[in-house]
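Secondary and tertiary structure notes
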Amino acid sequence: MTGRRTSGVIFMVMISSILSAPLSTGHAAGPTRDVVVGNISAMTGPTSGTHMMCQSGSRDYLNYLNEEKGGISGKDGKVKIKYLAYDSQYVAAKAKDGFARLREQGMDILTHCASGHSDALMMDYEQAKIPLVTGSQGVASLWSDWSYGNYHSGIANMIRTWIVWQKSEWEKAGKPGGTLVLGTITTDEPYVPLALWDVDSFVKEQGIRLVKETIPKGTTDASPQLLRLKQAGVKQIYVLSSANGAVVVLQSAKSMNLDTPLTQCAAATLGDVISLGGPKLAEGYQGEYFFEPMSENPKIKASAGLALARGLWKKNHPKESPNDMYLNGILSGMVIAEGVRLALEKVPPDKLNGEAIKKYGFDRISGFTGMGLTKSITYLPDDHIGPKQVRYWVVRNGYVEPVSDWMPTTTFRIPKK
Amino acid sequence: MANTSFYPPSGIYSDQYKKDMRIIKTKTQMIMSIAALIMLFVLPELPYVSGYILRLIIGAAIALIICLGLNILTGYCGQLNIGQSAFVMVGAFTSALLNSKFGLPFWATFILAGLAAAAVGVFFGIPSVRLKGLYLALTTLGAQVILTWVALFGFPITAAGFSVDPVKIGSIVFNTPEKFYYIAIPFALVMTFFAKNMMRSKPGRAFIAIRDNDKAAEGMGIDIFRYKLLAFAICTFYAGVAGSLLVHYMMWAQLESFTLQDSIWYLVMIIVGGFGSIEGTILGVIFITVLKEIIFVIGPIAEANLPFLPMGAGSGLLLIIIGGMAIVFLSVEPRGLAHRWNLFKAYYRLWPFGY
Amino acid sequence: MDFILSLIISGLMNGAIYGLVALGFVLIYKSSSVLNFSQGHMLLLGAYIFWFFRTAMGFNLYLALFLAVGVGFLVGILIERLTLRRLIGQPLISMITVTIFLSLVIEGFVSLIWGSYPLQHIAIFSNRCFNIGNCVLTAQNLYAFGLALTTALALILFFRYTNLGLAMRGVAEGHQTMQSMGISVKKILNISWGIAGMAATIGGIILGSTLGFQLGLSHIGLLAIPAAFIGGLESPEGAILGGLLIGLCESIVSGYIGNAAGVPAAFLILIVVMIFKPYGFFGLVKIERV
């Protein structure tokens, strides 16, 4: 008897909690209208760490605006931001469900930092006329008029920009060796074929040689592949993997006493690698950043934006060590706030909706730096890529220092469909 | 396993085998079935039902088709299959690629998708001639891994995802949940009917015989290899059709929708629902869909309201609760919801003489 | 020549770790006939517990290792008592589902206490390396390999020559028979899950120091499954050999074909092996009677 009752009770509890969920639709009505920002991230599953950081960043920043400044001020009054989130469990179907749910709750702006979701939701947000502010636009949504990036310039441009940088450095050094030979080592993650899309013709155009190696994802040793790269005489190696793969590559490189410099692609940040592998292992490791890193380097003065971000981190996550993807979230939050602010200059708060914010807000963003966090974001009618500027940094003594100046990224886009 | 599902109410008897085998035996059952069908068809019109609930139902309907196939192979025929979502993927990408490259509409591609998946399924079913039980499960796990790799490296665009046309009948375009509901539900109904029908006919009995004791079945003259392959084919056909439905519903085909996690969830659905029972599949799908919804809705709320815990704690707490409840449920009722439901029906029918 | 040699070495090293995880599978299967899908997560938990003792509590390295392995043993017993105990006698498939849900619970637990973001690194092994021609063996590789082999050897001897080992093998054959012989099945199950927990913890510590302490550690469970099966699910020596074989295969295929064809190729080899040897190389062949 107990068995039947227990399972019956559990079942009833579940059904009633689900059926009560639709009751909480709509947003608060009041004298100031809330702008509803929706976030769909994978909060459970393998990528949850990064997604949660981003979500936390944008949420903390927007809450900060609500609390400290009373919202975003415009011509006719202040507007507060209401932040809602759903767990997509890293599944496209659930992400679409989440979008529908957020729509019902009056979402005006969508944000997240996952390329897969950007593309899967493209049809939804375009149809619903809701702008997307994201760290990663994916492949198809790079072309979309409704998505606004604030991070990298597209998956396929990570290695291209790096190649351009390497080539210019090599030319400055007087073209030693005749032909430039570069290498890349990748893990078998799904985005890798996209990152290397048509890279062979690019490499041919540039007149250099690129040697490609792959390592299986769960491996603990990359030395065979590194050995082959070394024997091919590569001058620098680009690591196309997440932080775990990077740590494995670094360990193998160290054990082989490989002195070829390695550079991390934007799929992970140097901060991640330092925390995962330790500062000694990451010494000399290069990486790309599209904003200022969280690393508290005493030699570098933090911009106002970075100081604010660090303060928010300390306040909201006092017991954890700071993380770069948090900044990505903060930057998304800042772009959203800027868009709303600009829109409020032209449109009264009660007429604000996704379309208005896009037209009068995001489309007018020009030269935005997020209080110094990133170089400069300008959105043009056919170009919502983002800052389109990158800077390379290197790990020294556990801190991150610049090893190049800001430079423009390539803007190749994988053909739609 | 005592089959409590053939417990007709007292006073009902059959004088012909044909009548005994009927799915609907009494007038009450007939009335309730018709009422249920009517309810299903007018559901979107009811005032309380939002687009979101319809999305859930469509998701459940597609999962139902997948799980029906899986239950036929694993529940009725006893061949454990941990790679079901890979076969769904085969059907999905066949349909999506045919649509995207050749412009074929859904109505042409869903059959092809099912057949393609069935062909692949039979191929991976061939080891069943020598392997049993857990060892066979491993080949299906291998199917999952191998097919995923083939999809990724054969067609790189699947990683990024690409768009797929919605289903059309004449001039009606089924691109919203409200409209697609009327595609998903009929498909689910038809597939359920086929499954139920199949299982009470000769192949169904052969499957059950193979599951219970395949040496004895072979001794009775059942060609077990042929029937095992048939079970694989049916299971993966269902998966393929469901995959085709899925991509035309989402209007998006992407590799990340078909992972090992999903395979495991499908297996969990049929286990919670009850092995070897069509009603059980339905119950199991509903139960697990509800479970996942809880994670989906409450996780972020927990996350936002528990800032003093490390990041991810809210969802973590939820996973513990959900997993814990499910484990308790399975300890208490390992034969699944279908068995509970049958006990309930038996109790109701035998009252006050139930024991 | 260099390349193939370094591939082989790399493969063997990886394989040792797969073998260690596979040992855990085999142990649990041998005594309770359950395929423990949460083995990878037990490894994750073990790794995080070690991190806790070392970083959060700041203990000495050896003390932390000792404590972590001890706690791993207790966790194994705890899991067995709480979940599997109720399911004795139920069909195999329910037990497997319970382990699947268990993996969710463990993941949730780990996220709850330590968050879902990767944890700070711990250095365990020294940086000494040995050179074989152009190829390198790190101290860590050797430790992992050595540890996996010693554990396997210890288990093989344990199963064959000690009374407790004999009892465990008996319990795998039939619980009722053992009970009628006066052996406490509960105690045996406890111990075998405890040892599996310990093995998982050791594997977790080794992997954690390489791949970092993050949630992705549980994915090793996936590749350890074919390792356990190829060797035969009832055989510890088979588990290690299977692990080494899978590691080698993955490494060589990835090295020559690239595109990370290693994992699918490992499974393909598994399927081929299984067709010729349905119970794995050293597994017990089930004689079927009607």
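Keep in mind it's a predicted model, so treat the numbers as computed, not measured.

Next up on the list: the overall build of chain A. The number of helices and strands found in chain A is 15 helices and 14 strands. What you see for chain A is a C-alpha radius of gyration of 23 Å, in line with the 22 Å of a compact globule of 417 residues. Each of the three principal axes of chain A carries a C-alpha extent, and together these read 70 × 65 × 45 Å. For chain A, the accessible surface area stands at approximately 14,800 Å², while carbon and sulfur atoms represent 53% of it. One way to put it: in chain A the 46 positive side-chain charges average out to a point 1 Å from where the 39 negative ones average out.

For residues that are not glycine, phi is negative in most cases, and the peptide bond is trans in most cases. The backbone of K175 of chain A shows a phi angle near 55°, a positive value even though the residue is not glycine. With respect to the helices and strands, K175 of chain A occurs in the loop between α6 (157–172) and β7 (181–187).

If you walk through the whole model with that rule in mind, you get 30 aromatic pairs over all chains. Both rings, one in F93 of chain B and one in F258 of chain B, keep their centres 5.8 Å apart while their planes meet at 75°; by these two values the pair is edge-to-face. Remark: F258 of chain B occurs in the loop between β4 (252–253) and α12 (260–273) and F93 of chain B occurs in helix α4 (residues 84–102); sequence separation between them is 165 residues. Pair check on accessibility: F93 of chain B and F258 of chain B agree, each one buried. Where F53 of chain C meets F59 of chain C, the ring centres are 6.0 Å apart and the plane angle is 15°; that geometry is what we call stacked. We classify F53 of chain C as buried; its relative accessible area is 11%. Through a chain of ring-to-ring contacts, the aromatic side chains of Y151, Y289, F290, F291 and W393 of chain A assemble into a single cluster. A cation over an aromatic ring shows up here: R160 of chain A above the ring of F412 of chain A, its NZ or CZ 4.0 Å from the ring centre.

The next point concerns the interface of chain C and chain B. At the interface, 49 residues of chain C touch 45 residues of chain B. Of the roughly 4,200 Å² buried where chain C meets chain B, counting both sides, 82% is carbon and sulfur surface. At the boundary of chain C and chain B, one finds 0 salt bridges. The tally of links from chain C across to chain B stands at 1 residue pair in polar contact (both at pLDDT 80 or more). Ranked by residue count, the leading element in the side of chain C that touches chain B is helix α4 (residues 92–114) of chain C, at 18 residues.

A word on the confidence of the model for chain B. Here chain B shows a mean pLDDT of 83. Residues at 70 or above account for 92%. Interface confidence in the predicted complex, given as ipTM, is 0.83; pTM for the same model is 0.85.

What follows concerns the interface of chain C and chain A. Taken residue by residue, the interface counts 36 residues in chain C and 33 residues in chain A. Between chain C and chain A, roughly 2,800 Å² of surface is buried when both sides are summed, and carbon and sulfur atoms account for 55% of that area. Contact with chain A buries surface across chain C, with F3, Y117 and L211 of chain C losing the most and accounting together for 22% of the total. Where chain C touches chain A, the interface holds 0 salt bridges.

Each pair of packed helices can be described by the angle between their axes along with the distance between the axes. All names here are of chain B. Orientation of helix α8 (residues 177–199) relative to helix α11 (residues 224–250), taken along the N-to-C sense of each, is 175°, at an axis distance of 11 Å. Here α8 lies roughly antiparallel to α11, going by the angle between them. In this structure, α8 contributes F180, I183, F187, M191, F194, A195 and M198 to the contact, and α11 contributes I234, F237, Y238, V241, L245, H248 and Y249. In terms of residue class, the contact of α8 with α11 is built from 13 nonpolar, 1 polar and no charged.

This part covers the pairing of strand β12 (residues 389–396) of chain A. Residues and elements named next belong to chain A. The element β12 is largely enclosed, with a buried count of 6 among its 8 residues. As paired elements, strand β11 (residues 286–289) and β12 share 4 bridges and run antiparallel to each other. Opposite Y289, over in β12, you have R391 as the bridge partner. Relative to strand β14 (residues 407–408), β12 is paired through 2 bridges, and the arrangement is antiparallel. Considered in β14, the bridge of V390 is made with M407.

Further remarks concern the domain arrangement of chain A. All names here are of chain A. Under the domain assignment, chain A is made up of domain 1 (35–153 + 306–386) and domain 2 (157–289 + 390–408). Between the C-alpha centres of domain 1 and domain 2 the distance comes to 30 Å. Tallying the contact residues gives 7 residues for domain 1 and 9 residues for domain 2. Among the residues domain 1 hides against domain 2, the three largest losses belong to Y151, D324 and K375. Together they make up 54% of the total. In this structure, the connection of domain 1 to domain 2 is made through 0 salt bridges. Applying the counting rule to domain 1 against domain 2 returns 6 residue pairs in polar contact (both at pLDDT 80 or more). Tallied by class, the residues present in the side of domain 1 that touches domain 2 amount to 3 nonpolar, 2 polar and 2 charged.

The α-helix winds at 3.6 residues per turn, so residues separated by three or four positions along the chain end up facing the same way. A rise of 1.5 Å per residue sets the reference length of α4 of chain C, with its 23 residues, at 33 Å; its end C-alpha atoms lie 33 Å apart and thus fit the reference within 8%. Of the residues trailing α4 of chain C, G115 of chain C is marked for its positive phi of about 80°.

The subject of this paragraph is the pairing of strand β4 (residues 109–112) of chain A. Residues and elements named next belong to chain A. What you see with β4 is no split at all: I109 and T111 on one side and L110 and H112 on the other are buried throughout. As judged from the 3 bridges shared by strand β1 (residues 34–41) and β4, these two strands associate in the parallel manner. When the bridges of β4 are listed, V37 appears paired with I109. With 3 bridges joining them, β4 and strand β5 (residues 132–134) adopt parallel strand pairing. Within the sheet, the bridge partner assigned to T111 lies in β5 and is V133.

Let us now look at the nonpolar core. Nonpolar side chains tend toward joint burial in soluble globular proteins. By size, the foremost hydrophobic cluster in this structure holds 344 residues, and its most contacted members are Y61, L110, L226 and V340 of chain A together with F101 and F229 of chain C. It is helix α3 (residues 51–76) of chain B that provides the largest number of residues to this core, a total of 18 residues. Two domains each donate at least three residues to this core, and these are domain 1 (35–153 + 306–386) and domain 2 (157–289 + 390–408) of chain A. Beyond its immediate stretch of four places on either side in the chain, L110 of chain A contacts G38, I40, F99, L102, L121, Y125, I130, P131, L132 and V133 of chain A.

Below, the discussion takes up the side chain of Q236 of chain A. Relative to the helices and strands, Q236 of chain A resides in strand β9 (residues 236–240). Within polar-contact distance, the side chain of Q236 of chain A engages the side chain of Q286 of chain A at 3.3 Å.

How each quantity is defined
Residues numbered from 1 in each chain as written. Chains lettered and ligands numbered in written order. Predicted model: local features only at pLDDT ≥ 70, side-chain atom pairs only at ≥ 80, totals over all residues. Heavy atoms only, no water. Helix = DSSP H or I, 4+ residues; strand = E, 2+ residues; numbered from the N terminus. Rg over C-alpha atoms; globule rule 2.2 N^0.38 Å. Areas by Shrake-Rupley, 256 points an atom, 1.4 Å probe, with all protein chains shown as cover. Lys, Arg positive; Asp, Glu negative; His and termini not counted. Charge placed at Lys NZ, Arg CZ, Asp CG, Glu CD. Phe/Tyr/Trp six-rings, centres within 6.5 Å; stacked < 30°, edge-to-face > 60°. Buried < 20%, exposed > 50% of the residue type's maximum accessible area, 1.4 Å probe, protein only. Lys NZ or Arg CZ within 6 Å of the ring centre and 35° of its normal. Contact = heavy atoms within 4.5 Å. Buried area = accessible area lost by both parts, 1.4 Å probe. Salt bridge = Lys/Arg side-chain N within 4 Å of Asp/Glu carboxyl O. Polar contact = N/O pair within 3.5 Å; in protein donor to acceptor, adjacent residues only side chain to side chain. pLDDT = per-residue confidence, 0-100. Axes fitted to C-alpha atoms, helices over the stretch in contact; angles between N-to-C directions. Parallel < 35°, antiparallel > 145°, perpendicular 65-115°, else oblique. Nonpolar A, V, L, I, M, F, W, Y, C, P; charged D, E, K, R; others polar. Pairing = 2+ DSSP bridges. Domains from an automatic or database assignment. Expected span 1.5 Å × (residues − 1). Core = buried A, V, L, I, M, F, W, Y, C linked by side-chain atoms within 4.5 Å.

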